[in-house]
2 protein chains.
Amino acid sequence: MSSFAPLPDPPYYAVIFTAQLSDNTDGYSEMADAMVALAAEQPGYLGVETTRDQSGLGITVSYWTDEIALRNWKNVTHHLLAQKLGKERWYSHYTLRVAKVERHYDGPEGR
Amino acid sequence: MSSFAPLPDPPYYAVIFTAQLSDNTDGYSEMADAMVALAAEQPGYLGVETTRDQSGLGITVSYWTDEIALRNWKNVTHHLLAQKLGKERWYSHYTLRVAKVERHYDGPEGR
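Residues numbered from 1 in each chain as written. Chains lettered and ligands numbered in written order. Predicted model: local features only at pLDDT ≥ 70, side-chain atom pairs only at ≥ 80, totals over all residues. Heavy atoms only, no water.

### Some details on the packing of aromatic side chains
Scanning the model with the defined rule gives 16 aromatic pairs over all chains in all. Taken together, a centroid distance of 5.6 Å and an interplanar angle of 75 degrees make the contact between Y28(A) and W90(A) edge-to-face. Here the residue Y28(A) occupies a position in helix α1 (residues 28-39), and W90(A) occupies one in helix α3 (residues 77-90), the gap between them amounting to 62 residues. Neither residue differs from the other here; Y28(A) and W90(A) are each classed as buried. Aromatic side chains Y12(B) and Y63(B) sit 5.9 Å apart centroid to centroid with 70 degrees between the ring planes, which places their arrangement in the edge-to-face category. Note that Y12(B) is positioned in strand β1 (residues 12-21) and Y63(B) in strand β3 (residues 57-64), a separation of 51 residues in sequence. (Phe/Tyr/Trp six-rings, centres within 6.5 Å; stacked < 30°, edge-to-face > 60°. Helix = DSSP H or I, 4+ residues; strand = E, 2+ residues; numbered from the N terminus. Buried < 20%, exposed > 50% of the residue type's maximum accessible area, 1.4 Å probe, protein only.)

### Description of α1(A)
Residues and elements named next belong to chain A. The terminal C-alpha atoms of α1 lie 16 Å apart, and with 12 residues this matches the ideal 16 Å at 1.5 Å per residue to within 8%. For α1, every residue scored as buried is listed here: Y28, M31, M35, L38 and A39. Looking straight down α1, one finds its buried side chains confined to an arc of 95 degrees; they lie on one side. Those residues of α1 that are exposed and aimed more than 90 degrees away from the buried face are E30 and D33. Looking at the packing, one finds that the buried side of α1 touches β1 (12-21), β2 (45-52), β3 (57-64), α2 (67-74), α3 and β4 (91-107). (Expected span 1.5 Å × (residues − 1). Arc of directions from axis to C-beta. Contact = heavy atoms within 4.5 Å.)

### Overview of helix α2 (residues 67-74) of chain B
Working note: α-helix, 3.6 residues per turn, so residues spaced by three or four point in the same direction. Every buried residue of α2(B) is accounted for by E67(B), A69(B), L70(B) and W73(B). Angular distribution of buried residues about the axis of α2(B) spans 165 degrees; they occupy a single face of the element. For α2(B), the elements touching its buried residues are β4 of chain A together with β1, α1 (28-39), β3, α3 (77-90) and β4 (91-107) of chain B.

### A few points about the relation of the copies chain B and chain A
Under the fitted operation, chain B is carried onto chain A by 0.0 Å of movement along the axis and a turn of 180 degrees, and the coordinates agree to an RMSD of 0.0 Å. Accordingly, the operation relating the two chain copies is best matched by a two-fold axis. With an isologous cut-off of 70% or more, the 100% of interface residues of chain B that recur at the interface of chain A puts this contact in the isologous class. (Least-squares fit on C-alpha atoms with pLDDT ≥ 70 in both.)

### Some points on the pattern of salt bridges
Applying the stated criterion across every chain, the model contains 8 salt bridges over all chains. A salt bridge links E67(A) to R71(A); the shortest N-O distance between them is 3.4 Å. Taken together, the residues span about one helical turn, with E67(A) and R71(A) both in helix α2 at a distance of 4 residues. Classification of R71(A) by relative accessible area gives partly exposed; the value is 47%. Between E88(A) and K84(A) there is a salt bridge; the shortest N-O distance is 3.0 Å. On the criterion of helical spacing, the pair formed by E88(A) and K84(A) is a turn pair, its members being 4 residues apart in helix α3. Taken together, the shared-partner salt bridges in this structure form one network comprising E67(A), R71(A) and R103(B). (Salt bridge = Lys/Arg side-chain N within 4 Å of Asp/Glu carboxyl O.)

What follows is the structure, encoded as structure tokens:
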């Protein structure tokens, strides 16, 4: 799987999720993998980019065709469980931003 | 410095920069630190969140009040040099997306 999400014609939506892991990460890695796989099955899913440093600070950006798609994903049953465990157990702090992508480019090919 | 950017009243802008480092990272770390410091001095700068994993995949999201602020930042002289070196030397691939943040929340405090 590429580390980069595709670049469909804008506009589309980005969900920017920044999170610091707590000291209790039991079950986190398995759930994170399961959520990436589950997200990819949802209507309107475009792709995901995710990375985490050694301090446990992670940024995951998922991309969606529209607001309806990302709202539906928020309410998928297994995802609700993941959110609950994240709040209760895995994250010491997180922020989530919903943003409309207006334009994009990539490189360095074709520069 | 907090790893998290503040959450000003939306709308505001996010620049989502995802990049895979190449094998040639000479000077990269110093430049990255300098750019984070320089960005913070620019008009319209709101904050930055950045992380990179051991494979060299990094996501940096910088936040700006408006389009004018992020366009000005793109053209700051020292930043132009950083972009040039990034394309020529440091990044094997990158994507940059400009997105308008419509809403946000954080946690797990206050849930």
